[in-house]
Amino acid sequence: MGDLFLVRHGETEWSRSGRHTGSTDVPLTEHGRDEARRLVPLIRAHRIGAAFVSPAQRARETAELIGLHEVQVDADLREWDYGGYEGITTAEIQRTRPGWFLFTDGVAPGPPDRPGETPEQVGERADRVLAQVDAAHADAEGGVMLVAHGHFLRVLTARRLGLPASAGALFQLATGTLGLLGTEHGRPVIAAWNVRPGP
């Protein structure tokens, strides 16, 4: 189990306004592109042996801007399928579902192409990604980097630490930030979180 670097894509119009962005392929804003570029010095300070990226354009462009050239697109890195809550903010959802919380309550069903996922289903995808990460660690020297989405990476972090998917609620993750999951005495730990370069 080697170092696992997590990058959340840069800002989009929807992330800025708090709209749940699952399958909608929203591009980065100019600020989001700047957020990504500012991560370059932090990335270059580490040896990356393998990198995987979500198929969404906001993640793929972030990967390009931070200087990752040999990346594998992995559909399991896509964001949570928000079903009927796609494009809607938490405040809007809570008007009809007071106290609603994504990590414990899941989402309302959506159309056939966007049925929605439970926290456990997102956790199963995260487990598949982590198995791929472990295989990559065995085959490559250096850390593994994932470029993906806020809620998915939070669930993946919980699973790496041996916690249920719902514990992703504990790990706030801003756009354009870097996290590092490492080990201590052979056990997974958070070594860095929500890191942004200085001004």
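The structure reproduced in this document is the subject of the present report. (Residues numbered from 1 in each chain as written. Predicted model: local features only at pLDDT ≥ 70, side-chain atom pairs only at ≥ 80, totals over all residues. Heavy atoms only, no water.)

### So, the pairing of strand β5 (residues 178-184)
Definition in use: Each residue gets one of three labels from its accessible area relative to the maximum for its type: buried under 20%, exposed over 50%, partly exposed in between, using a 1.4 Å probe on protein chains only. Each helix is a run of DSSP H or I of at least 4 residues and each strand a run of E of at least 2, with the numbering of both proceeding from the N terminus. We call two strands paired when DSSP finds no fewer than two bridges between them.
Burial of β5 is extensive: five of the seven residues sit out of reach of the surface. Both strand β1 (residues 4-8) and β5 contribute to a ladder of four bridges, which runs antiparallel. Each bridged residue has a counterpart across the sheet, and for Leu6 the counterpart in β5 is Gly179. Two successive antiparallel strands, β5 and strand β6 (residues 187-195), enclose a turn made up of two residues, where His185 displays a positive phi of approximately 55 degrees.

### Quick look at the sheet that holds β5
The following threshold applies: In what follows, residue pairs with any heavy atoms lying within 4.5 Å of each other are defined as contacts. A fitted line through C-alpha atoms serves as each axis, taken over the contacting stretch for helices, and the angle formed by two N-to-C directions is quoted from 0 to 180°.
Sheet architecture is open: six strands sit in the order β3-β2-β4-β1-β5-β6, paired in mixed fashion. Strand pairing shows two members of the sheet lacking a second neighbour, β3 (72-73) and β6, which therefore form its edges. Relative to strand β4 (residues 143-148), helix α4 (residues 57-65) is tilted by about 135 degrees, and along the sheet it contacts β1, β2 (48-53), β3 and β4. Taken strand by strand, helix α8 (residues 150-160) contacts β1, β4, β5 and β6, and its axis lies near 160 degrees from that of β1.

### A short note on the environment of Tyr82
Residue position: Tyr82 is located in the loop between β3 and α5 (90-96). Note: C-alpha distance between Tyr82 and Leu173 (91 residues apart in sequence) is 18 Å. Residues within four places of Tyr82 in sequence aside, it is in contact with His20, Thr21, Gly22, Leu102, Val107, Ala108, Gly116 and His151.

### Topic: the packing of helix α7 (residues 119-139) against α8
Inclusion rule: Convention used here: angles under 35 degrees read as roughly parallel, angles over 145 as roughly antiparallel, angles from 65 to 115 as roughly perpendicular, and any remaining angle as oblique. Definitions for this section: a left-handed crossing has its near helix turned counterclockwise from the far helix by less than a right angle. A right-handed crossing has that turn clockwise. As a working rule, the residues Ala, Val, Leu, Ile, Met, Phe, Trp, Tyr, Cys and Pro are called nonpolar, Asp, Glu, Lys and Arg charged, and the rest polar, with Gly in that last group.
Two elements in contact, α7 and α8, have axes separated by 9 Å at closest approach and are oriented at 70 degrees. By the angle between their directions, the pair α7 and α8 is classed as roughly perpendicular. Both α7 and α8 take part in a crossing whose hand is right-handed. Contact residues: Val122, Gly123, Arg125, Ala126, Asp127, Val129, Leu130, Val133, Asp134 and His137 in α7; Phe152, Val155, Leu156, Arg159 and Arg160 in α8. Counted by class, the contact of α7 with α8 contains eight nonpolar, two polar and five charged residues.

It is worth stressing that arrangement in space is one thing and function is another; only the former is reported here.
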